[in-house]
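Fold and geometry: a report
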Amino acid sequence: MKKIAILGGSHFIGVHLLFALYRQGHQITVYNRNIRIPPVTYPKGIELLRGDRNNPENLEGLFHKEFDVVFDLSGYELKHVQPITLNFQPSIGHYIFCSTPSVYKSPTPTPYNEQAPRIFDENTYGGDKALVEELLLCQYRKYRWPITIFRPQGVFGPYDTWQAGFIYYKLINSLPIFAFNGNKCRMNLLFVDDLVNAFILAMENPISYGSVYGIAGDDIVSNFEFIELCGKVSCYQPNYQFIDSLEPFEKYDTGRSWLEQDIVADCCKIKTELRLEFTPLVTALE
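This next bit is on the overall build of the chain. Scanning the chain from terminus to terminus reveals 8 helices and 13 strands. The C-alpha radius of gyration computed for the chain amounts to 20 Å, which stays within 12% of the reference 19 Å derived for 286 residues, consistent with globular compactness. Here the chain holds 286 residues, and the buried ones make up 51% of them. Counting contacts in the chain only where the partners sit at least 6 residues apart, residues at least 24 apart contribute 77% of the total. Side chains of the chain give 26 positive and 32 negative charges; the mean places of these two sets differ by 4 Å.

A separate point is the sheet that holds strand S4 (residues 67-72). The strand order across the open sheet built from 7 strands is S3-S2-S1-S4-S5-S6-S11, with neighbouring strands paired in parallel fashion. Every other strand in the sheet has two partners, leaving strand S3 (47-50) and strand S11 (211-215) as the edge strands with one partner each. Ignoring which end each strand starts from, the neighbouring axes of this sheet average 20 degrees apart. Here strand S6 (residues 147-152) pairs with S11 via 5 bridges, running parallel. Bridging from a neighbouring strand, Pro152 pairs with Ile215 of S11. Of the strands in this sheet, strand S1 (3-7), S4 and strand S5 (92-98) touch helix H2 (residues 78-87), which is tilted by about 165 degrees from S5.

On to helix H6 (residues 223-234). Look at H6: 17 Å from first C-alpha to last across 12 residues, which is about the 16 Å you get at 1.5 Å a residue. Buried residues belonging to H6 abut helix H4 (162-172), strand S8 (177-180), strand S9 (186-187), strand S12 (221-222), strand S13 (240-243) and helix H8 (281-285). Directly after H6, the chain includes Cys235, whose backbone phi takes a positive value near 65 degrees.

This part covers the packing of H4 against H6. In the contact formed by H4 and H6, the axes pass within 10 Å of each other and the chain directions differ by 55 degrees. Comparing their axes, H6 and H4 come out oblique. Crossing handedness for the pair H4 and H6: right-handed. Counted together, Trp162, Gln163, Ala164, Ile167, Tyr168 and Leu171 of H4 and Phe226, Ile227, Cys230, Gly231, Val233 and Ser234 of H6 form the full contact between these two elements.

Looking at the element boundaries, Gln261 is found in the loop between S13 and helix H7 (268-273). Residue Gln261 is classed as partly exposed on the basis of its relative accessible area, which comes to 30%. Each residue touching Gln261, except ones within four places of it in the same chain, is listed here: Ser106, Pro107, Thr108, Cys185 and Arg186. In this structure the side chain of Gln261 is engaged in a polar contact, spanning 3.2 Å, whose partner is the side chain of Ser106.

With that settled, the discussion passes to unusual backbone geometry. With an omega of 0 degrees, the peptide bond between Ser106 and Pro107 qualifies as cis. Omega for the peptide link from Thr110 to Pro111 comes to -10 degrees, which places this bond in the cis form. In this structure, Pro111 sits in the loop between S5 and helix H3 (125-143). The residue Glu204 is not glycine, and still its phi comes out positive at about 55 degrees. Of note, Glu204 is situated in the loop between helix H5 (192-202) and S11. Its identity is not glycine, yet Arg275 carries a phi of approximately 60 degrees, on the positive side. Its place among the elements puts Arg275 in the loop between H7 and H8. Residue classification places Arg275 among the exposed residues on the basis of a relative accessible area of 66%.

So, how was this worked out
Residues numbered from 1 in each chain as written. Predicted model: local features only at pLDDT ≥ 70, side-chain atom pairs only at ≥ 80, totals over all residues. Heavy atoms only, no water. Helix = DSSP H or I, 4+ residues; strand = E, 2+ residues; numbered from the N terminus. Rg over C-alpha atoms; globule rule 2.2 N^0.38 Å. Buried < 20%, exposed > 50% of the residue type's maximum accessible area, 1.4 Å probe, protein only. Contact = heavy atoms within 4.5 Å. Lys, Arg positive; Asp, Glu negative; His and termini not counted. Charge placed at Lys NZ, Arg CZ, Asp CG, Glu CD. Pairing = 2+ DSSP bridges. Axes fitted to C-alpha atoms, helices over the stretch in contact; angles between N-to-C directions. Expected span 1.5 Å × (residues − 1). Parallel < 35°, antiparallel > 145°, perpendicular 65-115°, else oblique. Left-handed = near helix turned anticlockwise from the far one by under 90°. Polar contact = N/O pair within 3.5 Å; in protein donor to acceptor, adjacent residues only side chain to side chain.

These results come straight from atomic positions and should not be treated as a statement about function.
Next comes the structure, spelled out in structure tokens:
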């Protein structure tokens, strides 16, 4: 049994991670602002601790005790993470940080890997995350503090279905699916269970210390191939409405924006080092 803290954990990825760790018998503390109702009831025995990372002094209520592993799912800026590195390193055995592919300069190479150029612009989502990454990597190089960084792409699953839930709704209700004709941009999405498995495989695994992992699924699909897969899974035929612009439909809910360029992650590193196996996309959609 490990003592584990999850920073965040009330919406999507953290909920799946919490249940997976709970099933393994770990002692879990969830730290967040307590302003969002989780999609499911937490298991008994989970410690819920209220705190706001915008107020660093709140962290003392969490780190007055030691943790074997801390999963940081809610650190967006240096001010969220720097107080932990300065004041509480001795209380944390392994710090696992959830970053984002938004740290990369756009457009990314196809496929892109962990060495792709990044941005470091303050007050931008990707730039701030990249600055946090550098802070953590510096702590590893300087003090050998065990840290691991993940950059998950296009995570979907129960409680946050990404574009799939919207497409299913359109399919089942025979509504048109707005699409740009000729758009062949490709992507690989990540099933939330695979991300959780990656977190657990990295946990207290020395090979992951000081490492950064890009992570997305094996299956690379275009926008239309993704819609067709949803149609196949749901047994409904897509009703495409080809358009040149969404401008005439701005007052309607047209779903998340479709890709305008390839966003394909090379996941060789995580598959080689952590031996992670990915769920086929069609299975995840089912």
